[in-house]
Amino acid sequence: MISECALLHCLQHEGDNVLAHSLKVDVAIVGAGIVGLAHAHLAARAGKSVAVFERNPAALGASIRNFGMIRPIGLPAGTLHNMALRSRELWLELLTEAELPFFATGSLHAAYREDEAAVAQEFSQKAPSLGYECAWLDPDQTLARSPALRPEGLLGALWSPAEINVDPRQIIRSLPLFLIERYGVQFHFNSAVQRVEQQCVHAAELHCEADAIIVAGGDDFQTLFPECFHDSKLTRCKLQMMRTAPQPSAWKLGPTLAFGLTFRHYPAFEICGTLPALKERIARDTPELDRFGIHVMVSQTSLGELTIGDSHEYGLALNIFDNPEINRLILDHAKTYLRVPTLEIAEQWHGVYASHPEHAWLRVAPDKGVRVVTFTSGIGMTMSFGLAEETLLEMGVLP
Ligand SMILES: Cc1cc2nc3c(=O)[nH]c(=O)nc-3n(C[C@H](O)[C@H](O)[C@H](O)COP(=O)(O)OP(=O)(O)OC[C@H]3O[C@@H](n4cnc5c(N)ncnc54)[C@H](O)[C@@H]3O)c2cc1C
């Protein structure tokens, strides 16, 4: 049973200034988002001593703002998709070990237009031989899997059983508690790391020596090792999101949902020769969706709320204010195709991740025993454990 006492204890120590000293661990991690936590879990369960430094009182970055979708279907065939499947396995091991709730509900990409159905059908024909488990469902089969889709105009859906849905708020809050209690991982919240040098992490009043140091600072690629990212074409991506009021407790979303717009957003679907026609129709008829990078996906939280998003706006000077037109466009789309007990919006927010035009993530080794790991596309929740395993193997932390 995980209690909040362990975390409070850890924070009190910081308040009492007990931490104004040096310590030595096997692995030190900067950032308590999902990438930092994935490295912490894999290293700790391999018997390593681990310390995690987080500058805020709790992780407040992309990991707590996302859909909570572990979504292998979005990754292109080959190395990336294989890593996503491995990451999913590691997620399941952790969720089971920590007794954290998750929905292994799979996903549906619902098609309401002929060009959307064409992409879904083509993918369902080509993808199984490339390692994806998926199938085209007719309207009755689709509605039998999802109570949330409107039957009017539904042509069918691409079904994939691989996707898992977690509640990011619950996971990112609970995982540190689990890691403290099960493995004695040290968490130093309110502890901004200012420098990493000579295999030592320097926070305000604490210096931590470590054989391996992972910097998982999310979209902050300017504070530590900025020279690694200079001229790297790194930028940021802002995504607007919404959450409904809780649905009635007996009502369940079932599979996480996506629609035709999503086919143009994930590289996995680029294998479809039918995709360009879909993209052309959207660019011609609804250019505002392209302008704001809008597609619509839906997941459910542990409290029954529906998380609905999102948009994609790129730049280093992102608008700190949210654009109500974007939320209206997302919600109009959702209303057209969803039949759910309530679409009353209870929360709106945006999240930001680092973005790179060519790479799905960047992993650099600026110093001996140090890796900086940053996802540069919207796949970090899916891939975090897979990439963490690869990184720790490469560093010799895992045998
Ligand atoms: C709205 C949204 C929806 C998304 N949906 C999905 C999804 O459904 N599925 C999916 O696979 N991916 C999704 N993503 C992408 C995914 O959320 C990110 O790739 C992932 O969360 C990145 O994790 P992270 O730990 O690297 O970064 P973050 O979660 O941002 O964590 C980085 C942490 O490092 C800390 N930090 C930074 N610098 C320092 C320092 N110097 N000292 C101490 N601490 C520091 C920060 O405070 C922060 O807590 C989504 C992203 C967004 C924004």
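Just so it is clear, the model here is predicted, and its values are computed rather than measured.

What follows is about the site of the ligand. Taken together, 39 residues lie near the ligand, and Glu54, Ser63, Met69, Val193 and Thr382 sit nearest. One nitrogen or oxygen atom from the main chain of Gly378 is found 3.1 Å from a nitrogen atom belonging to the ligand. Out of a free accessible area of 1,000 Å², the ligand has 97% covered by protein chains. Secondary structure elements with two or more residues in the shell around the ligand: α2 (34-45), α3 (62-65), β12 (235-244), β17 (345-355) and α11 (380-394). In the shell around the ligand, the residues fall into 20 nonpolar, 15 polar and four charged.

What follows is about the environment of Leu94. By the secondary structure assignment, Leu94 is in helix α4 (residues 79-97). With relative accessibility at 0%, the residue Leu94 sits in the buried group. Residues Leu94 and Ala38, spaced 56 residues apart in sequence, show a C-alpha to C-alpha distance of 9.3 Å. Among residues more than four places away in sequence, those in contact with Leu94 are His41, Leu175, Phe178 and Phe385.

The next thing to look at is the packing of aromatic side chains. Under the defined criterion, the tally for this structure stands at ten aromatic pairs. On the numbers, 6.0 Å between centres and 65° between planes, the contact of Phe221 with Phe229 is edge-to-face. The class of Phe229 is buried, set by a relative accessible area of 7%. The lysine or arginine in question, Arg71, covers the ring of Tyr266, its NZ or CZ lying 4.3 Å from the ring centre. Positioned above the aromatic ring of Trp159, the side-chain terminus of Arg145 is 3.9 Å from the ring centre.

Inspection of every chain in the model, using the stated rule, returns 23 salt bridges. A salt bridge links Arg284 to Asp285, with the nearest nitrogen and oxygen atoms 3.1 Å apart.

Moving on to α2. Here α2 contains twelve residues, and its C-alpha end-to-end distance of 16 Å stays within 8% of the 16 Å for a straight helix at 1.5 Å per residue. Counting buried positions along α2 yields eleven of twelve residues, so the element is predominantly enclosed. Within the sequence span of α2, burial applies to Ile34, Val35, Gly36, Leu37, Ala38, His39, Ala40, His41, Leu42, Ala43 and Ala44. Downstream of α2 by one or two residues, Gly47 has phi in the positive range, about 95°.

Okay, the confidence of the model for the chain next. Summarising the model, the chain shows a mean pLDDT of 94, and 95% of its residues fall at 70 or more. Confidence over residues 1-19 falls short of pLDDT 50; this stretch has 30 contacts with residues more than four positions distant or in other chains.

On to the pairing of strand β18 (residues 361-367), then. Of the pairings in the sheet, the one linking β18 to strand β19 (residues 370-375) comprises five bridges and is antiparallel in character. Residue pairing in the sheet places Arg363 in a bridge with Val373 of β19. Once β18 ends, the chain turns through two residues before running back antiparallel as β19, passing Gly369 with a positive phi of about 75°.

In this section: unusual backbone geometry. The peptide bond linking Gly309 to Asp310 adopts the cis configuration, its omega dihedral lying at 0°. Structurally, Asp310 is set in the loop between β15 (306-309) and β16 (313-314). The backbone of Phe225 sits at a positive phi, close to 55°, despite the residue not being glycine. Residue Phe225 is classed as buried on the basis of its relative accessible area, which comes to 10%.

Before going further, it helps to spend a moment on the nonpolar core. Ranked by size, the top nonpolar core spans 53 residues in total, and within it Phe123, Leu257, Phe259 and Leu338 carry the most contacts. The dominant element in this core, judged by the number of residues it contributes, is helix α10 (residues 324-337), at six residues. The contact partners of Phe259, leaving out residues within four places of it in the chain, are Ala110, Tyr112, Leu149, Val296, Val298, His333, Tyr337 and Leu338. One finds Ala32, Ile70, Trp91 and Trp361 within the second-largest nonpolar core, a separate group that totals 51 residues.

What follows deals with the pairing of strand β6 (residues 156-160). Regular strands place their side chains on alternate faces of the sheet. Among the five residues of β6, five are classified as buried, and the element is accordingly described as predominantly covered. The alternating pattern of β6 places Gly156, Leu158 and Ser160 on one face and Ala157 and Trp159 on the opposite face, and all of these are buried. Across five bridges, strand β4 (residues 107-111) lies against β6 in antiparallel orientation. Residue pairing across strands places Ala111 opposite Gly156, the latter belonging to β6. Across three bridges, the pairing between strand β5 (residues 135-137) and β6 is antiparallel. Counted as the bridge partner of Ala135 is Trp159 from β6.

Here we take up helix α7 (residues 168-183). With 16 residues, α7 should reach 22 Å at 1.5 Å per residue; the first-to-last C-alpha distance of 22 Å fits that figure. Where α7 bends most, the angle comes to about 30°, and this point is Ser174, followed within four residues by the proline Pro176. For α7, the set of buried residues is Pro168, Gln170, Ile171, Ile172, Ser174, Leu175, Pro176, Leu177, Phe178, Leu179 and Ile180. One or two residues past the end of α7 sits Gly184, with phi positive at roughly 70°.

For the pair helix α5 (residues 114-126) and helix α8 (residues 275-285), the least separation of the axes is 9 Å and the interaxial angle reads 150°. Taken together, the axis directions place α5 and α8 in an arrangement best described as roughly antiparallel. As for how α5 packs across α8, the hand of that crossing is left-handed. On the side of α5, the interface is formed by Asp115, Glu116 and Val119, while α8 contributes Leu275, Ala277, Leu278 and Arg281. Looking at side-chain class alone, the contact of α5 with α8 contains four nonpolar, no polar and three charged residues.

How each quantity is defined
Residues numbered from 1 in each chain as written. Predicted model: local features only at pLDDT ≥ 70, side-chain atom pairs only at ≥ 80, totals over all residues. Heavy atoms only, no water. Near = heavy atom within 4 Å. Polar contact = N/O pair within 3.5 Å; in protein donor to acceptor, adjacent residues only side chain to side chain. Areas by Shrake-Rupley, 256 points an atom, 1.4 Å probe, with all protein chains shown as cover. Helix = DSSP H or I, 4+ residues; strand = E, 2+ residues; numbered from the N terminus. Nonpolar A, V, L, I, M, F, W, Y, C, P; charged D, E, K, R; others polar. Buried < 20%, exposed > 50% of the residue type's maximum accessible area, 1.4 Å probe, protein only. Contact = heavy atoms within 4.5 Å. Phe/Tyr/Trp six-rings, centres within 6.5 Å; stacked < 30°, edge-to-face > 60°. Lys NZ or Arg CZ within 6 Å of the ring centre and 35° of its normal. Salt bridge = Lys/Arg side-chain N within 4 Å of Asp/Glu carboxyl O. Expected span 1.5 Å × (residues − 1). pLDDT = per-residue confidence, 0-100. Pairing = 2+ DSSP bridges. Core = buried A, V, L, I, M, F, W, Y, C linked by side-chain atoms within 4.5 Å. Bend = angle between axes of the 7 residues up to and from the residue. Axes fitted to C-alpha atoms, helices over the stretch in contact; angles between N-to-C directions. Parallel < 35°, antiparallel > 145°, perpendicular 65-115°, else oblique. Left-handed = near helix turned anticlockwise from the far one by under 90°.

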